[in-house]
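Summary of the model geometry
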Amino acid sequence: MSEKKNGYIYYEYKEKTEKEEIVKTAFSSFFHWVSGIVAVLFVIFLVIMLFFRPVTVSGPSMEPTLHNGDRLFVYSFLYEPENGDVIVARSPDGTDMPVIKRVIAKEGQVVEVDYENGTVTVDGVVLEENYISGMSKVPQNEIEYPYTVPENHIFVMGDYRDESRDSRHKTFGCIDENTVAGKAVFRFYPFSSMTEV
């Protein structure tokens, strides 16, 4: 609304009511809050994509720790395998298929397997393996013990020892460290079984 006085046009501005000001402030706060959440989620997504990769377990060789169809996040950034880690690597048998196994020994370490007592010994120390599911069946085409792990390689086994094709087999052998994709760190599916690995 305007009014003409002394040749000038004066405009009348209606002051914002207190209610309008509250609504505007609330909307602005909500917008900033949502923007912050979106930004945080985006950063989390980038971190996951840069440092982690999803993989799916295939087969029973890691039971009872992992099951067929489980989905995991694998940490790969500057990762170096350590004894006891569950790792994902390229199969050393020439198929180039990814495999999920547990690191038993690293280069230079000496491995022995006792099927009668169901134990694995590394450098003279019997491993405490409360995660395995039986080890009584001697695999065909097995390596000879004591076995020294070659340079730049790791000796791996599945947790379901009687159903795992791993470094005990001559046709599988040890895994070249350069083919290790990373360490399995978290099972995110099925949702009912989400846990650290």
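What comes next is a walk through the structure.

1. Structural notes on a nonpolar patch on the surface
Taken together, F30, W33, V34, I37, V38, V40, L41 and I44 make up a surface patch of nonpolar side chains, about 770 Å² in accessible area. With respect to the helices, strands and loops of the structure, L41 is situated in helix α1 (residues 18–51). When its relative accessible area of 52% is taken as the criterion, L41 is described as exposed.

2. Brief notes about the packing of aromatic side chains
One pass over the structure, following the stated rule, counts four aromatic pairs. Summarising the aromatic geometry, the rings of Y189 and F191 are spaced 5.3 Å apart at their centres and angled 90° between planes, so their arrangement reads as edge-to-face. For Y189, a relative accessible area of 35% gives the class partly exposed. The class of F191 is exposed, set by a relative accessible area of 59%. Over the aromatic face of Y189 sits the side chain of R71, whose NZ or CZ is 5.1 Å from the ring centroid. Positioned above the aromatic ring of Y131, the side-chain terminus of R102 is 3.7 Å from the ring centre.

3. Structural notes on the pattern of salt bridges
Under the defined criterion, the tally for this structure stands at eight salt bridges. Residue D93 pairs with R165 through a salt bridge whose shortest N-O separation is 2.8 Å. Of this pair, D93 sits in the loop between β5 (86–90) and β6 (98–106) while R165 is found in the loop between β11 (153–157) and β12 (175–176), placing the two residues 72 residues apart along the sequence. Take R165: its relative accessible area is 37%, and that puts it in the partly exposed class.

4. Details of the pairing of strand β7 (residues 110–114)
Two faces make up the sheet, and in a regular strand the side chains alternate between them. Burial of the side chains of β7 is restricted to one face: V111 and V113 are buried, whereas none of V110, E112 and D114 on the reverse face is. Summarising the sheet, β7 and strand β10 (residues 147–148) pair through two bridges and their orientation is antiparallel. For V111, the partnering residue across the bridge sits in β10 and is Y147. In terms of strand pairing, β7 meets strand β8 (residues 119–122) through four bridges, oriented antiparallel. Bridge assignment links V113 to a residue of β8, and that residue is V120. Count of turn residues in the β7/β8 antiparallel hairpin: four residues, of which G118 carries a positive phi of about 65°.

5. Description of unusual backbone geometry
Cis geometry marks the peptide bond from E63 to P64; its omega dihedral reads 5°. In this chain, Y145 is followed by P146 through a cis amide linkage whose omega measures -5°. Among the structural elements, P146 can be located in the loop between β9 (125–126) and β10. We note that N141 has phi near 60°; this positive angle belongs to a residue other than glycine. Mapped onto the secondary structure, N141 falls in the loop between β9 and β10. For N141, a relative accessible area of 41% translates into the label partly exposed.

About the criteria used
- Residues numbered from 1 in each chain as written.
- Predicted model: local features only at pLDDT ≥ 70, side-chain atom pairs only at ≥ 80, totals over all residues.
- Heavy atoms only, no water.
- Patch = residues over 30% accessible without salt bridge, like charges linked within 9 Å, V, L, I, M, F, W, Y side chains within 5 Å.
- Areas by Shrake-Rupley, 256 points an atom, 1.4 Å probe, with all protein chains shown as cover.
- Salt bridge = Lys/Arg side-chain N within 4 Å of Asp/Glu carboxyl O.
- Helix = DSSP H or I, 4+ residues; strand = E, 2+ residues; numbered from the N terminus.
- Buried < 20%, exposed > 50% of the residue type's maximum accessible area, 1.4 Å probe, protein only.
- Phe/Tyr/Trp six-rings, centres within 6.5 Å; stacked < 30°, edge-to-face > 60°.
- Lys NZ or Arg CZ within 6 Å of the ring centre and 35° of its normal.
- Pairing = 2+ DSSP bridges.

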